[in-house]
Amino acid sequence: MSLQVDIEIASDCSGIPSEAQFEQWCAIALREREASELAIRIVDEAEGRELNNTYRHKDYATNVLSFPADLPPELGLPLIGDLAICAPVVLREAGEHNKGIEAHWAHMVIHGCLHLQGYDHIEDSDADVMEALERKLLAELGYPDPYHEEE
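If you're wondering where the values come from, they're calculated on a predicted model, not measured in any experiment.

Undergrad: Tell me about the overall build of the protein chain, and please be specific about residues and values.
TA: From N to C terminus, the protein chain includes 5 helices and 4 strands. Mapped in sequence order, the helices and strands of the protein chain form the string β-α-β-α-β-β-α-α-α. A compact globule built from 151 residues should have a C-alpha radius of gyration of about 15 Å, and the protein chain, at 15 Å, falls within 12% of that. The buried share of the protein chain, taken over its 151 residues, is 37%. Long-range pairs, those at least 24 residues apart, make up 63% of the contacts in the protein chain with a sequence separation of at least 6. Of the roughly 8,300 Å² of accessible surface on the protein chain, a fraction of 47% belongs to carbon and sulfur atoms.

Structure below.
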């Protein structure tokens, strides 16, 4: 598998994972593909809010936004899209839900990569499929079930 992940850090938050970690998480989520290229931009709350408002008409910052590439298949390019991950939201959610910070980052990257491949969670049946795959991939990496809060 050929994987290219371009990472841009546009956040002052500490605790942002390494490039190698981002690549590892993308690789497991995209391993069924022959080749993949994507960009990940780590943003602060203001940019996350602006992006969510512009593209989803929701006036708040969310954890991860996925922007699938809309390229004609005949081009044969491996570009699958972009992710915008809001560092302050990811860090806050990890604390609020008693999740390990690294595990929550991994979940957000895998979740976003699955969206880039067409997975969704709007309908309950689709959510069941996507969440089961997230659980499986995260478990392979040694992370706990992201949908079960720690006590």
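The discussion continues.
Undergrad: Describe a nonpolar patch on the surface, naming the residues involved and giving the relevant values.
TA: A cluster of nonpolar residues, Leu-71, Leu-75, Leu-77 and Leu-79, forms a patch on the protein surface that exposes about 340 Å² of accessible area. Position of Leu-79 relative to the elements: it lies in strand β4 (residues 79-86).

Undergrad: Would you mind going over unusual backbone geometry in detail, with residue names and values included?
TA: Phi is positive for His-57, which is not a glycine, with a value near 60°. Considering the arrangement of structural elements, one finds His-57 in the loop between α2 (45-56) and β3 (64-68).

Undergrad: Tell me about helix α4 (residues 101-116), and please be specific about residues and values.
TA: Under the 1.5 Å per step criterion, the end-to-end length of α4 is 23 Å for 16 residues, consistent within 8% with the ideal 22 Å. Counting buried positions along α4 yields 14 of 16 residues, so the element is predominantly enclosed.

Undergrad: Hey, could you go over the sheet that holds strand β1 (residues 2-10) for me, with residue numbers and the actual values?
TA: Taken together, 4 strands build an open sheet; the order of strands is β1-β2-β4-β3 and the sheet is mixed. Sheet topology places β1 and β3 at the edges, where each strand pairs with a single neighbour. Taking each pair of neighbouring strands and ignoring which way they run, the sheet shows an average axis angle of 15°. One ladder, built from 9 bridges, connects β1 with strand β2 (residues 35-43); its direction is parallel. Pairing of Glu-8 across the sheet is with Arg-41, part of β2. Packed on one face of the sheet, helix α3 (residues 87-96) meets β2 and β4 and runs near 65° to β4.

Undergrad: Kindly report on the nonpolar core, identifying the contributing residues and their values.
TA: In this structure, Leu-38, Ile-40 and Trp-105 are the most contacted members of the largest nonpolar core, which totals 30 residues. Here this core takes 9 residues from α4, the largest share from any one element. The residues contacting Ile-40, other than those within four sequence positions of it, are Val-5, Asp-6, Ile-7, Glu-8, Phe-22, Cys-26, Leu-83 and Ile-85.

Undergrad: Any details on the packing of aromatic side chains? Residues and values, ideally.
TA: Counted according to the given criterion, the structure contains 3 aromatic pairs. Between Phe-22 and Trp-105, the ring centres sit 5.9 Å apart and the planes meet at 90°, which makes this aromatic pair edge-to-face. Highlighted residues: Phe-22 in helix α1 (residues 19-29) and Trp-105 in helix α4, separated in sequence by 83 residues. With respect to class, Phe-22 is no different from Trp-105; both count as buried. Each ring, one from Tyr-55 and one from Phe-67, has its centre 5.1 Å from the other, and the planes form 75°; the classification is edge-to-face. Of this pair, Tyr-55 sits in helix α2 while Phe-67 sits in strand β3, placing them 12 residues apart in sequence. Assessed through its relative accessible area of 53%, Tyr-55 is described here as exposed. One aromatic cluster is present, formed by Phe-22, Trp-25 and Trp-105 through successive ring pairs.

About the cut-offs
Residues numbered from 1 in each chain as written. Predicted model: local features only at pLDDT ≥ 70, side-chain atom pairs only at ≥ 80, totals over all residues. Heavy atoms only, no water. Helix = DSSP H or I, 4+ residues; strand = E, 2+ residues; numbered from the N terminus. Rg over C-alpha atoms; globule rule 2.2 N^0.38 Å. Buried < 20%, exposed > 50% of the residue type's maximum accessible area, 1.4 Å probe, protein only. Contact = heavy atoms within 4.5 Å. Areas by Shrake-Rupley, 256 points an atom, 1.4 Å probe, with all protein chains shown as cover. Patch = residues over 30% accessible without salt bridge, like charges linked within 9 Å, V, L, I, M, F, W, Y side chains within 5 Å. Salt bridge = Lys/Arg side-chain N within 4 Å of Asp/Glu carboxyl O. Expected span 1.5 Å × (residues − 1). Pairing = 2+ DSSP bridges. Axes fitted to C-alpha atoms, helices over the stretch in contact; angles between N-to-C directions. Core = buried A, V, L, I, M, F, W, Y, C linked by side-chain atoms within 4.5 Å. Phe/Tyr/Trp six-rings, centres within 6.5 Å; stacked < 30°, edge-to-face > 60°.

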